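One letter stands for each residue in the lines below.
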Amino acid sequence: NGVWRNFTISDSFEPGSTFKPFTIAAGLEEGLIGENQTFVCDGGEEVGGWNIGCHRRSGHGTITLTEALSQSCNDALMQIAAIEGRNLFHKYQTFFGFGSKTGIDLPGETEGLLTSVENLNSSELATSSFGQTFTVSMVQMVAGYSSLVNGGNYYKPHIVKQILNDDGAVIKEIEPEILKKTSSVKTSDFIQRSMYSAVEEGTAKKASVIGYKVAGKTGTAQKQPRTAGTYVVSFLGHVPADNPEVVIFVVIDEAENVPTQANSALATELASAILKDVLPFLEVYPTEEV
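As the structure is a prediction and not an experimental result, all values here were calculated from the model.

**Q** How should the nonpolar core be read in this particular structure?
**A** Here is a general trend for soluble globular proteins: nonpolar side chains tend to be buried in one another's company. Core analysis: the biggest nonpolar cluster contains 44 residues, and Phe22, Ile24, Leu65, Phe98 and Ile191 have the highest contact counts within it. Only helix 2 (20-29), strand 1 (38-41), helix 3 (65-70), helix 4 (74-95), helix 6 (138-149), helix 7 (185-201), strand 10 (231-239) and strand 11 (246-253) provide two or more residues apiece to this core. Among the elements that line this core, the one with the most residues is helix 4, at 7 residues. Once you skip the residues sitting within four places of it in the chain, phenylalanine 98 turns out to touch Phe19, Phe22, Gln93, Leu114, Val136, Gln140 and Met141. Of all hydrophobic cores here, the second largest spans 19 residues; its members include Ala207, Val214, Phe235 and Leu275.

Next up, the structure:
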C-alpha cells in the first residue's frame with residue numbers, strides 16, 4: 001500500500017499562504033472588500049488573546065489588496081477574514097471544494113480536515129485566513145485554484161483524457177465537466193493580476209521563467225506540533241499569467257539538508273526548474289522577449 005500511495009491525493013497538509021487567494025476571492029465575491037481597498041499592517045493582530053504576527057514583524061504599513069497578496073501580508077488577511085465572519089468564510093471553504101473529495105479518477109483520495117464553524121473562533125478564523133488550522137490535499141488546491149484563474153469554472157479533476165484500443169483509435173473520450181461557478185470573471189481577472197505581481201515584484205520572484213508570464217503564490221506552513229520546528233513550503237501558480245494554460249503546485253514537506261525548512265524559495269526555485277522543461281513539452285511557448 002505504501003508503494004502505491006499518491007501524496008497528491010492521499011495526504012493532507014496545511015496550505016499556508018497559498019490559500020490567501022481564496023480568502024480574498026470570497027471577500028470580493030460578497031462585495032465586502034474592493035480591488036482598490038487598502039489595509040494597514042503593523043506587524044500583527046491581537047486576536048482572541050493571542051498576538052498573531054505577520055511574517056514582516058515590523059509591518060508592511062499601508063498596502064493595497066494586490067500588495068496584500070504579492071507581499072503575503074498575514075495582517076491584511078486576518079482583517080479580511082474578520083470582515084467575512086466565520087460562517088461566510090467556512091461557506092466559501094466548502095464551496096471551493098475543501099473538506100470533501102474532488103472525485104478524481106484515482107483511488108485513496110482524502111477529504112482533508114476543516115475546522116468546524118462552531119470551533120472557528122476569532123483566533124482560528126484569523127489563522128485560517130492564511131492557511132493554518134485546517135488541511136487540504138494537493139488536488140483540492142489545484143482544482144480550486146484553477147477555477148479562480150480560469151474565469152470561475154470549477155472542473156471535475158481527471159487523470160485520464162482518452163482510452164485507446166490496440167490500434168490507437170479512441171474508444172472513450174473523457175470530456176471536461178464543469179461542476180460549478182466559483183467566482184466572477186472580474187474576481188478571476190483580479191486574482192490573475194495579483195498572482196502575476198507576486199512573481200514579478202513580490203515573494204515569489206524565484207518562480208519566474210525567462211520568456212513567460214508566470215503567476216503564483218508562495219506558502220510556508222508550520223507543521224503540528226508547532227514546537228517541532230518543521231515546515232511545509234509550497235508554490236501554487238499558473239502560466240501564462242493572463243491566459244492560463246498550465247497550473248503548477250509544488251509542495252516540499254520537511255526539506256532536508258537545508259539551513260532552514262521555513263524558506264519558500266525552495267519551492268519557487270523548483271517550480272521554475274520544472275516549468276522550464278514542462279512548458280515547451282506542453283507546447284506553451286514564450287510570449288515575452290528573451
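**Q** Can you walk me through the pairing of strand 7 (residues 170-173) in this structure?
**A** Two strands pair when backbone bridges link them, and strand 6 (residues 162-164) and strand 7 are joined in this way by 3 bridges, in the antiparallel orientation. If you follow glutamine 162 over to strand 7, its bridge partner there is glutamate 173.

**Q** What is the right way to look at unusual backbone geometry in this model?
**A** Most peptide bonds take the trans form, and the phi angle of most residues other than glycine is negative. A cis amide bond, omega -10°, links glutamine 224 with the succeeding residue proline 225. Residue proline 240 is reached from valine 239 by a cis peptide bond, and omega for that bond is -15°. Inspection of the secondary structure puts proline 240 in the loop between strand 10 and strand 11. With phi around 75°, threonine 133 is a residue other than glycine that occupies positive phi space. Note that threonine 133 resides in the loop between helix 5 (122-128) and helix 6. In this structure threonine 133 comes out as partly exposed when scored by relative accessible area, which is 28%. You will see that asparagine 257, though not glycine, has its phi angle at about 60°, which is positive. Position of asparagine 257 relative to the elements: it lies in the loop between strand 11 and helix 8 (265-281).

**Q** Where do I start with the layout of surface pockets in this structure?
**A** Over the atoms, a rolled probe matching the size of one water molecule traces out where space is still vacant. When its volume is computed, the largest pocket comes out at roughly 1300 Å³. Sorting the residues of the lining of the largest pocket by element identifies helix 1 (7-10), helix 6, strand 5 (153-155) and strand 11 as the ones contributing at least two each. The dominant element in the lining of the largest pocket, judged by the number of residues it contributes, is helix 6, at 7 residues. Of the residues that constitute the lining of the largest pocket, the class distribution is 22 nonpolar, 7 polar and 5 charged. Lining the second largest pocket are 28 residues, with Gly53, Asn74, Phe130, Gln132 and Thr220 positioned closest to its centre. Where the lining of the second largest pocket is concerned, the elements lending two or more residues are strand 3 (50-53), helix 5 and strand 9 (215-222). The leading source of residues in the lining of the second largest pocket is strand 9, at 6 residues. When the residues that make up the lining of the second largest pocket are grouped by side-chain class, the tally is 6 nonpolar, 17 polar and 5 charged.

**Q** Is there a simple way to think about the environment of alanine 207 in this case?
**A** Its location among the elements puts alanine 207 in the loop between helix 7 and strand 9. Measuring from C-alpha to C-alpha, the distance between alanine 207 and threonine 268 comes to 4.4 Å, with 61 residues separating the pair along the chain.

**Q** Would you explain a nonpolar patch on the surface in this entry?
**A** Nonpolar side chains collect at one region of the surface, where Ile159, Val160, Ile163 and Ile171 lie side by side and expose about 340 Å² of accessible area between them. Residue placement: isoleucine 159 occurs in the loop between strand 5 and strand 6. Classification of isoleucine 159 as exposed rests on a relative accessible area of 54%.

**Q** What am I meant to see in the packing of aromatic side chains here?
**A** Aromatic ring pairs are defined here through the distance separating the ring centres and the angle between the ring planes. Tallied over the entire structure, the rule returns 11 aromatic pairs. Ring geometry for tyrosine 92 and phenylalanine 95: centres 6.1 Å apart, planes at 85°, overall edge-to-face. Note that tyrosine 92 and phenylalanine 95 are positioned in helix 4 at a spacing of 3 residues, about one turn of the helix. Given a relative accessible area of 9%, tyrosine 92 falls into the buried group. One aromatic cluster in this structure is built from Phe19, Phe22, Phe89, Tyr92, Phe95, Phe96, Phe98 and Phe134. Positioned over the ring face of tyrosine 154 is lysine 180, at 5.0 Å from the centre of the ring. The aromatic ring of tyrosine 196 is capped on one face by lysine 213, whose charged end is 5.9 Å from the ring centroid.

**Q** Sorry if this is basic, but what is going on with helix 4 here?
**A** What sets the pattern is the α-helix's 3.6 residues per turn: residues three or four places apart point alike. The terminal C-alpha atoms of helix 4 lie 23 Å apart, and with 22 residues this falls more than 12% below the ideal 32 Å at 1.5 Å per residue. Along its length, helix 4 shows its largest kink, about 100°, at glycine 85. After helix 4 finishes, the residue glycine 97 shows a positive phi value of roughly 100°.

**Q** How do you make sense of empty space enclosed by the protein when you look at a structure like this?
**A** According to the stated counting rule, one finds 1 cavity of 30 Å³ or more in the structure shown. Of the voids in this model, the largest cavity is the one considered here, and its volume is about 30 Å³. For the largest cavity, the full set of lining residues is Phe19, Phe22, Thr23, Ala26, Phe89, Tyr92, Gln93 and Phe96. Those elements that place two or more of their residues in the lining of the largest cavity are helix 2 and helix 4. Here the residues of the lining of the largest cavity sort into 6 nonpolar, 2 polar and no charged.

Criteria and cut-off values
- Residues numbered from 1 in each chain as written.
- Predicted model: local features only at pLDDT ≥ 70, side-chain atom pairs only at ≥ 80, totals over all residues.
- Heavy atoms only, no water.
- Core = buried A, V, L, I, M, F, W, Y, C linked by side-chain atoms within 4.5 Å.
- Buried < 20%, exposed > 50% of the residue type's maximum accessible area, 1.4 Å probe, protein only.
- Helix = DSSP H or I, 4+ residues; strand = E, 2+ residues; numbered from the N terminus.
- Contact = heavy atoms within 4.5 Å.
- Pairing = 2+ DSSP bridges.
- 1 Å grid on protein atoms, 1.4 Å probe; cavity = no way out; pocket = protein on both sides within 12 Å on 5 of 7 lines; lining within 4 Å.
- Points joined across faces, edges and corners; volume = space filled by probe spheres on them.
- Nonpolar A, V, L, I, M, F, W, Y, C, P; charged D, E, K, R; others polar.
- Patch = residues over 30% accessible without salt bridge, like charges linked within 9 Å, V, L, I, M, F, W, Y side chains within 5 Å.
- Areas by Shrake-Rupley, 256 points an atom, 1.4 Å probe, with all protein chains shown as cover.
- Salt bridge = Lys/Arg side-chain N within 4 Å of Asp/Glu carboxyl O.
- Phe/Tyr/Trp six-rings, centres within 6.5 Å; stacked < 30°, edge-to-face > 60°.
- Lys NZ or Arg CZ within 6 Å of the ring centre and 35° of its normal.
- Expected span 1.5 Å × (residues − 1).
- Bend = angle between axes of the 7 residues up to and from the residue.

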